[in-house]
Amino acid sequence: MEPLAHLDSPFFDAAHREIAARARAWAPEHLAEAVRCEDREAVDARCRNLVQGLGSAGFLRYCIRAEDGGALPDFDVRSLALLRETLAWHDPLADFSFAMQGLGSAPISLAGSPPLKSRYLPGVAAGTSIAAFALSEPQAGSDVAAMECFARPSGADYVLDGCKTWISNGGIADFYCVFARTAAAQSRADGSTLAQGISAFVVDADTPGLRIEARIDSMSPHPLATLRFSSCRIAAEQRLGPEGEGFKLALRTLDIFRTSVAAAALGFARRALDEALRHARTRHMFGHALADFQLTQGALAEMATDLQAATLLTYHAAWRRDEGHNVTLEAAMAKMTATESAQRVIDRALQMFGGRGVERGHIIERLYRDVRVLRIYEGATEVQKLIIARALLKSQEKAPDA
Ligand SMILES: Cc1cc2nc3c(=O)[nH]c(=O)nc-3n(C[C@H](O)[C@H](O)[C@H](O)COP(=O)(O)OP(=O)(O)OC[C@H]3O[C@@H](n4cnc5c(N)ncnc54)[C@H](O)[C@@H]3O)c2cc1C
């Protein structure tokens, strides 16, 4: 892998350069033999191995705060982003496994009681326990507040009923951070649902009443499933934070990890650009190298500039979050720009590879499939646009009249 070109920017300090260097040294040795797994059993096994490997190498400690056995006092979005960018460059499943340990355990880090933290987080950091984040439902994806999964109080317990779908790590996770209604949904006058009355719980995978209803196969294979809760009894101590505060907890979690999705997109796009550059210099046609043609040079220039713009937005958002600012706006801009431009960069790379680029298993064909989902999960591009526009309009409301 080429050195991360932006590492000398003022967004980073020596500790960031060190963690990036460690990841860059580790990845070729541990991920070089990464075979493209397409069948479910192989993907599951590889993800389990990757979680163990990332844990043994100490990288998963960046998903946990120091007070719970993690590497740093607080979540450091720049470290998460650098790790995701590097892992994504080498192996999308490695990036996936790393990201899900963070996303799937952050609700516990942010709102879990001390006993819950000490029960779940050490295993996440060590790579001996696999985490998952269960928010989406068949009728509640972008419109999260429309969720119907219900947790009804029953003595000292809650009884959970409902369905969660598109849950990453579904089927291999040891526990799920599950969001469910603890109060009936209330509608606004326009028919949309208020995001109140939602609570979060940590549910062990082997809890009676929780089952994997279906495994889902996707164009970029990774463990994905629909979960069914049927009279699933969970102790009240498994609740994460106060009752009714679950929606805010989901947003706090996504505020940390949304920028890291942008970083994964950078890793995919940077890999595609590196491959395209190499190919353009070595592929000959009409008596020249592909790189000699100005059309190719123009495409390469646009790819590199797209990538650089996305990089600056991503690490600016990460830096601002680490400086303690609210980054709802910046994270949305970074996620939208990096994922959309990565798709363009990879598509142009594929075009340069011609027929080779669509051969099943070719690195560019793989990237073409891997990058697609990033524009949908953790808020589709359209949702990011709404977040950005709302933030702009709100800031104008507050500003004194010109
Ligand atoms: C591979 C994969 C992994 C996932 N992992 C997880 C996970 O681990 N945990 C979890 O909880 N969820 C997960 N999800 C679910 C993901 O978060 C949802 O798919 C996403 O939020 C979109 O919801 P939806 O699929 O229901 O699409 P819908 O909500 O039906 O939206 C469909 C499309 O409508 C458009 N749209 C949305 N809102 C608007 C709007 N206001 N105006 C105009 N257009 C709009 C967008 O283009 C969007 O893609 C995963 C999904 C995938 C595909």
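Residues numbered from 1 in each chain as written. Predicted model: local features only at pLDDT ≥ 70, side-chain atom pairs only at ≥ 80, totals over all residues. Heavy atoms only, no water.

Enquirer: Please clarify how the nonpolar core should be interpreted in this entry.
Expert: The nonpolar side chains of a soluble globular protein tend to be buried with one another. Membership of the largest hydrophobic core comes to 74 residues, with the highest contact counts inside it found for Phe98, Ile108, Leu160, Val203 and Phe229. The biggest single contributor to this core is helix H4 (residues 92–111), with nine residues. In terms of nonpolar packing, the next biggest core, distinct from the first, is built from 42 residues, Leu7, Ala265, Ala269 and Ala310 among them. (Core = buried A, V, L, I, M, F, W, Y, C linked by side-chain atoms within 4.5 Å. Buried < 20%, exposed > 50% of the residue type's maximum accessible area, 1.4 Å probe, protein only. Helix = DSSP H or I, 4+ residues; strand = E, 2+ residues; numbered from the N terminus.)

Enquirer: In this structure, what is going on with the site of the ligand? I would like to understand it.
Expert: Around the ligand lies a shell of 20 residues, among which Phe133, Ser136, Ser142, Trp166 and Glu382 are the nearest. Between a nitrogen atom of the ligand and a side-chain N or O atom of Ser136, the distance comes to 2.7 Å. Within the side chain of Ser168, one N or O atom sits 2.9 Å away from a nitrogen atom of the ligand. Within the complex, the protein chains bury 66% of what would otherwise be the 970 Å² of accessible surface of the ligand. When residues of the shell around the ligand are traced back to their parent elements, those giving at least two are strand E1 (131–134), strand E3 (157–168) and helix H10 (381–398). Residue composition of the shell around the ligand, by class: 13 nonpolar, five polar and two charged. Inspection of the shell around the ligand shows a minimum of three residues originating in each of domain 2 (133–244) and domain 3 (248–398). (Near = heavy atom within 4 Å. Polar contact = N/O pair within 3.5 Å; in protein donor to acceptor, adjacent residues only side chain to side chain. Areas by Shrake-Rupley, 256 points an atom, 1.4 Å probe, with all protein chains shown as cover. Nonpolar A, V, L, I, M, F, W, Y, C, P; charged D, E, K, R; others polar. Domains from an automatic or database assignment.)

Enquirer: When you look at the packing of aromatic side chains in this model, what are you seeing that I'm missing?
Expert: Any two aromatic rings considered together are summarised by their centre-to-centre distance and by the angle between their planes. All told, the structure shown has eight aromatic pairs when counted by the stated rule. For the cation-ring pair, Arg271 lies above Trp89, with the distance from its terminal atom to the ring centre recorded as 4.2 Å. (Phe/Tyr/Trp six-rings, centres within 6.5 Å; stacked < 30°, edge-to-face > 60°. Lys NZ or Arg CZ within 6 Å of the ring centre and 35° of its normal.)

Enquirer: It is not clear to me how the pattern of salt bridges should be interpreted in this structure. Could you clarify?
Expert: As a working rule, side chains carrying opposite charge can pair if their charged atoms are close by. Using the criterion set out here, one finds 25 salt bridges in the structure. For Arg22, the salt bridge goes to Glu18, with nearest N and O atoms at 3.4 Å. Linking Arg22 with Glu18, this pair stays in helix H1 (residues 14–31), spanning four residues, or about one helical turn. Take Glu18: its relative accessible area is 45%, and that puts it in the partly exposed class. One salt bridge in this structure joins Asp217 and Arg40, with 3.0 Å as the shortest N-O distance. Here Asp217, found in the loop between strand E6 (210–215) and strand E7 (224–235), pairs with Arg40, found in helix H2 (residues 40–56); they are 177 residues apart in sequence, far enough to count as distant. Judged by relative accessible area, Asp217 falls into the exposed class, the value being 60%. Here Arg40 falls in the partly exposed class, since its relative accessible area comes to 32%. One network of salt bridges, with partners in common, ties together Asp76, Arg78 and Asp322. (Salt bridge = Lys/Arg side-chain N within 4 Å of Asp/Glu carboxyl O.)

Enquirer: Looking at this structure, I do not really get the environment of Phe353. What am I missing?
Expert: For Phe353, the location among the structural elements is in helix H8 (residues 328–353). Owing to a relative accessible area of 8%, Phe353 belongs among the buried residues under this scheme. Along the primary structure Phe353 and Arg283 are separated by 70 residues, whereas in three dimensions their C-alpha atoms are 8.8 Å apart. Here Phe353 is in contact with Glu275, Ala276, His279, His362 and Ile364, once residues within four sequence places are set aside. (Contact = heavy atoms within 4.5 Å.)

Enquirer: Explanation requested: the domain arrangement of the chain in the structure shown.
Expert: Where interface size is quoted, it is often the accessible area lost as the parts come together. Assigned domains of the chain: these are domain 1 (14–130), domain 2 (133–244) and domain 3 (248–398). Between the C-alpha centres of domain 1 and domain 2 the distance comes to 24 Å. The interface is formed by 24 residues belonging to domain 1 together with 24 residues belonging to domain 2. For the pair domain 1 and domain 2, the summed buried area comes to about 2,100 Å², and 62% of that belongs to carbon and sulfur atoms. By the criterion of area lost to domain 2, the three top residues of domain 1 are Arg40, Phe96 and Ile130, representing 28% of everything that side buries. Counting across the interface, domain 1 meets domain 2 through three salt bridges. (Buried area = accessible area lost by both parts, 1.4 Å probe.)

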